[in-house]
Amino acid sequence: MWVAEGIVLKEDVGEGHLTELIERCMIQVGRTSSYDGRVKTCQMHDLMRDLCLSKAKEENFLEIIGATFQQVETSSSSTVTILTHSTVDNVRRRAIYLDQSPPTKSTSTVAEEARVRAASNNNNKNEDANDIYVKLNPKNGIPLRSLLIFYPPKGKTIHWMLRKVELKKFTLLRVLSLEGLALGEKLPRAIGNLIHLKFLSLKNATLLCFPSSIRNLGCIQTMDLRLFPPLCHDQQISCLRMNEVIGRMKWLRYLYLPYVNFNVGKSKVQWEKLSNLETLKNFDAKQWDIKDLAHLTSKLQKLRVQNVKSFKELMEVILKPSHPISSNLRSLFVNDVNTKVEETDLKQLSKCQHLCKLFVCGEIRNLPEPNLFPPNLTKLSLKYSRLQQDPTPILERLPNLTILSLCHDSYIGEEMVFSPNGFPRLKVLWLASEFFKRLKVDKGAMSNLNELKFAYCKSLEMVPEGVRYITTLQRLLIHGMSKDFIQRLQVIDGKEGEDFYKVQHVPSITLIDVWLCKEKHPPVKKKKTLVSDSIRPTLKMDK
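Residues numbered from 1 in each chain as written. Predicted model: local features only at pLDDT ≥ 70, side-chain atom pairs only at ≥ 80, totals over all residues. Heavy atoms only, no water.

**Structural notes on the overall build of the protein chain**
The condition that has to hold: Helix numbering and strand numbering both begin at the N terminus, where a helix is a DSSP run of H or I of at least 4 residues and a strand a DSSP run of E of at least 2. Residue burial is assigned from relative accessible area. The probe radius is 1.4 Å, only protein chains are included, and a residue is buried under 20% of its type maximum, exposed over 50%, and partly exposed in between. Throughout, a contact is declared for two residues whenever any of their heavy atoms are within 4.5 Å. To be clear on the numbers: accessible area is Shrake-Rupley with a 1.4 Å probe, and residue cover counts the displayed protein chains and nothing else.
Scanning the protein chain from terminus to terminus reveals 11 helices and 28 strands. Counting every position in the protein chain, which comprises 543 residues, the buried fraction comes to 47%. Looking at the protein chain alone, contacts between residues at least 24 apart form 58% of all its contacts between residues at least 6 apart. Per element, the accessible surface of the protein chain, about 27500 Å² overall, is 50% carbon and sulfur.

**As for the environment of Cys352**
Within the element layout of this structure, Cys352 appears in the loop between α8 (343-347) and β17 (357-361). In this structure the C-alpha to C-alpha distance between Cys352 and Pro324, which are 28 residues apart in sequence, comes to 9.7 Å. Apart from the residues within four sequence positions on either side, Cys352 is in contact with Ile318, Leu319, Ser326, Pro374 and Pro375.

**Description of the pairing of strand β27 (residues 508-512)**
Selection criterion: At least two bridges found by DSSP between two strands is the condition for calling them paired.
Counting buried residues along β27, four of its five residues qualify, which places the element largely inside the surrounding structure. The pairing of strand β24 (residues 475-479) with β27 spans five bridges and is parallel. Bridge assignment links Ile478 to a residue of β27, and that residue is Leu511.

**Some words on the packing of aromatic side chains**
What counts, and what does not: Between the rings of Phe, Tyr and Trp (Trp by its six-membered ring), a pair exists once the centres lie within 6.5 Å; its type follows the angle of the planes, with under 30 degrees stacked, over 60 edge-to-face, and the other angles tilted. In this scheme, the term charge over a ring applies when either NZ of a lysine or CZ of an arginine sits within 6 Å of the ring centre and within 35 degrees of the ring normal.
Throughout the structure, instances matching the rule amount to six aromatic pairs. Between the aromatic rings of Phe418 and Phe423, the centroid separation amounts to 5.8 Å while the plane-to-plane angle is 45°, which identifies the pairing as tilted. Taking 6.0 Å as the distance between ring centres and 65° as the angle between the ring planes, the aromatic pair formed by Phe454 and Phe485 counts as edge-to-face. Taken together, the residues span a long stretch of sequence, with Phe454 in strand β23 (residues 451-455) and Phe485 in helix α10 (residues 483-487) at a distance of 31 residues. Neither Phe454 nor Phe485 differs from the other in exposure class; each is buried. An aromatic cluster is built from Trp271, Phe283 and Trp288, whose rings are joined through pairwise contacts. The lysine or arginine in question, Arg304, covers the ring of Phe333, its NZ or CZ lying 3.8 Å from the ring centre. Across the ring face of Trp430, the terminal group of Lys453 is positioned such that the distance to the ring centre comes to 4.5 Å.

**A look at the pattern of salt bridges**
Opposite charge on two side chains permits pairing when their charged atoms draw close. Applied cut-off: We define a salt bridge as a side-chain nitrogen of Lys or Arg found within 4 Å of a carboxyl oxygen belonging to Asp or Glu.
In total, this model carries 16 salt bridges according to the counting rule given. Between Arg93 and Glu5 there is a salt bridge whose closest N-O contact spans 2.6 Å. Separated by 88 residues along the polypeptide, Arg93 in strand β6 (residues 93-97) and Glu5 in helix α1 (residues 2-5) bring together distant segments of the chain. Where Arg468 meets Glu465, a salt bridge forms, and the shortest distance between an N and an O atom there is 3.1 Å. Look at Arg468 and you get partly exposed, because its relative accessible area is 37%. Beyond isolated ion pairs, a larger network of salt bridges with shared partners links Glu465, Arg468, Arg488, Glu498, Asp499 and Lys502.

**A few points about the nonpolar core**
Filter applied, for reference: For our purposes a nonpolar core is just a set of buried Ala, Val, Leu, Ile, Met, Phe, Trp, Tyr and Cys residues, chained together by side-chain atoms within 4.5 Å.
Membership of the largest hydrophobic core comes to 117 residues, with the highest contact counts inside it found for Leu200, Leu202, Leu280, Leu293, Leu303 and Ile318. The leading source of residues in this core is helix α7 (residues 311-318), at five residues. In contact with Leu280, not counting residues within four places along its chain, are Leu255, Leu257, Trp271, Leu293, Leu296, Leu300, Lys302, Leu303 and Arg304.

**Some remarks on the confidence of the model for the protein chain**
Just so we agree on the cut-off: Within a predicted model, pLDDT stands for the predictor's per-residue confidence, ranging from 0 to 100.
Here the protein chain shows a mean pLDDT of 78. Residues at 70 or above account for 76%. Predicted confidence is poor over residues 67-88, with pLDDT under 50, and the contacts of this stretch with residues over four places away or in other chains come to 67 contacts. Low pLDDT (under 50) marks residues 119-133, which in the prediction has 28 contacts with non-local residues, meaning those over four places away or in another chain.

**Section: the environment of Gly444**
Position of Gly444 relative to the elements: it lies in the loop between β22 (438-441) and β23. With a relative accessible area of 34%, Gly444 lands in the partly exposed category.

**Considering unusual backbone geometry**
Although it is not a glycine, Arg386 adopts a positive phi angle of roughly 55°. We note that Asn421 has phi near 70°; this positive angle belongs to a residue other than glycine. Counting through the fold element by element, Asn421 comes out in the loop between β20 (415-418) and β21 (428-431).

**Some details on helix α3 (residues 46-58)**
The cut-off we apply is this: Between the first and last residue of a helix there are one fewer steps than residues, each counted as 1.5 Å, and that sum is the expected span.
In a regular helix each residue adds 1.5 Å, so 13 residues correspond to 18 Å; α3 covers 19 Å between its end C-alpha atoms and thus fits that length. Of the residues trailing α3, Asn60 is marked for its positive phi of about 55°.

**A short note on the pairing of strand β14 (residues 279-284)**
By the criterion of burial, β14 is predominantly enclosed, with five of the six residues buried. Judged from the three bridges that link them, strand β12 (residues 254-256) and β14 form a sheet pairing that is parallel. Paired with Tyr254 across the two strands is Thr279, which belongs to β14. Pairing of β14 with strand β15 (residues 302-308), which is carried by four bridges, proceeds in the parallel orientation. Its bridge partner being in β15, Leu280 is matched across the sheet by Leu303.

**What to know about the side chain of Asp292**
Within the secondary structure layout, Asp292 lies in the loop between β14 and β15. Relative accessible area serves as the criterion here: at 7%, Asp292 is assigned to the buried category. When neighbours within four sequence positions are excluded, Asp292 is seen to be in contact with Lys268 and Trp271.

Structure below.
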């Protein structure tokens, strides 16, 4: 957003400013990436927030329209709801928090809306009680550069106030965020008037069709179309003009396509015109030819592809000598590979020198030797791989691997062995498989492990003995395990479970028991720790 508004020219400059604010304790870190430690969310102390909002109001930098409502009496003694805030005509940035409750029936009719406007005009003593048109569409909307609208996640119908937004007034708008909103069947055609728009996010919004006027967004740099899937499975998100629209966005850098159920028609995208594209997510091989990826330039850093017929064909495109998009590729996400992935195909990834993140969802015959993996691989996720041989002897020799996720039957054997000095840099390990019964963790294995998660390992008999030797372990997450597995970790009436001694050194244990709705289990207890009597689906125990 900072780049879109022109506050900074490059992302790394913005990250530098963010780091400086953190170091000066002006903002607080909320959540960081377990992959590289980068800040994902941040927050502010309430005093600092009040100071910033006061200064922002003075400088016309930002205006927040909150979800505070007041009751206003109309001439007919009926009660209607009016949003309160102070309107600043020349403010540059506006954030709107919509009401969590739907409006009364009286506001949904034209007659009642007229009465609302009359009530607002008659209430001269209260300047905050203005007409909703003025609130959302100030007379001078031209100075606005950024418009962010927030809506409660439970909202499934079009909010009554969204119908009042007149986008055509904001001709100089550069940032528009409508994340999570119910937008009905179609975006307003006036969105095509926002010719200076650089950032458009419709993430998790509900929408069935895009207007053809979206092709006028020639300056767009970030477009997030990861819409919420239609409630009816037979419905599709209509993107019939999207192919020709995308080809006209030559400044596009970050493109997030819909997850599922979208129709782009038969026209082809002129991918070769997207010479500045750095991130492409949710490229559907059913909608487009996988060979079209060869038209992308070496600027591409993140690629997510789904419904891939052949992993071999994908690698041929990525490593094409005339147009090698692999030269700068840092993240590759391959979802739903229809044919078995061969070892020879995975070996080709060693040519992706800068690849750090790899996700493969599909059956894999065998893993290649460690020296044939990408040399800088730090995060590896395998899903539905159905490996028959224990993958740990190979994976534990990857020198830079920090995050490993083996989920949904990635390994269908009964035993996994983590040997001494294996996984020297691993910090996060997630395991989810209903097949393996035993885990052996030797002393000295995973010496830097910070987080360990077991999920739906229904056949796993107990926590490995070697976990007690991992002194760096800070978090243990247990999700949907068997009753016996859970009971072995619990302290019941002061009596410790058989495996409690293995995990008593872990500062934080999170137990998510899917069976609690049917049968209540006592929580895991720490020594000298008070635990609430109420049983909750998620239990956190901190020292």
